[in-house]
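Single-letter residue listing:
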Amino acid sequence: MPSAACRASSVVFRAIATDSLAAASQLLADVQRFGLRMVEFRMMVDVEGGAAIDFGVDARPDHDPAVLCSRFARHPALRSVEIVGTSAGQS
């Protein structure tokens, strides 16, 4: 039986957005639609309405981070999405 300390891997992405609110809502909807659990969300808005959005999700083993990255990046309000960090699950 897994202990409470046993957790899925966490993956952190950074998205660069041209429209901060449109991009944030699209990313949040994708996280929910893909059945992921959000563990962090930070948005640094610039004066022109764009933003850098850092968000982390608990990624299950059946979700390849590179595939998730490409799926997040398909939105027109995003210039780019990249993986900026991961942490292995603990046992």
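Residues numbered from 1 in each chain as written. Predicted model: local features only at pLDDT ≥ 70, side-chain atom pairs only at ≥ 80, totals over all residues. Heavy atoms only, no water.

A. Representation of the environment of Ala52. Here Ala52 is to be found in strand β3 (residues 51-59). Considering only alpha carbons, one finds Ala52 and Ala23, 29 residues apart in sequence, at a separation of 9.9 Å. Residue contacts for Ala52: discarding those within four places in its chain leaves Ala15, Ile16, Arg42, Met43 and Met44. (Helix = DSSP H or I, 4+ residues; strand = E, 2+ residues; numbered from the N terminus. Contact = heavy atoms within 4.5 Å.)

B. Looking closely at the pairing of β3. Most of β3 is tucked away: nine of the nine residues are buried. Taking every second residue as pointing to the same face, both faces of β3 are buried, with Ala51, Ile53, Phe55, Val57 and Ala59 on one and Ala52, Asp54, Gly56 and Asp58 on the other. Note that strand β1 (residues 9-17) and β3 share nine bridges and pair antiparallel. Counterpart to Ser10 in the pairing with β3 is Asp58. With eight bridges joining them, strand β2 (residues 37-45) and β3 adopt antiparallel strand pairing. Bridge pairing in β3 places Arg42 opposite Asp54. The hairpin turn running from β2 into β3, its antiparallel successor, is five residues long, and Gly49 in that turn takes a positive phi close to 95°. (Buried < 20%, exposed > 50% of the residue type's maximum accessible area, 1.4 Å probe, protein only. Pairing = 2+ DSSP bridges.)

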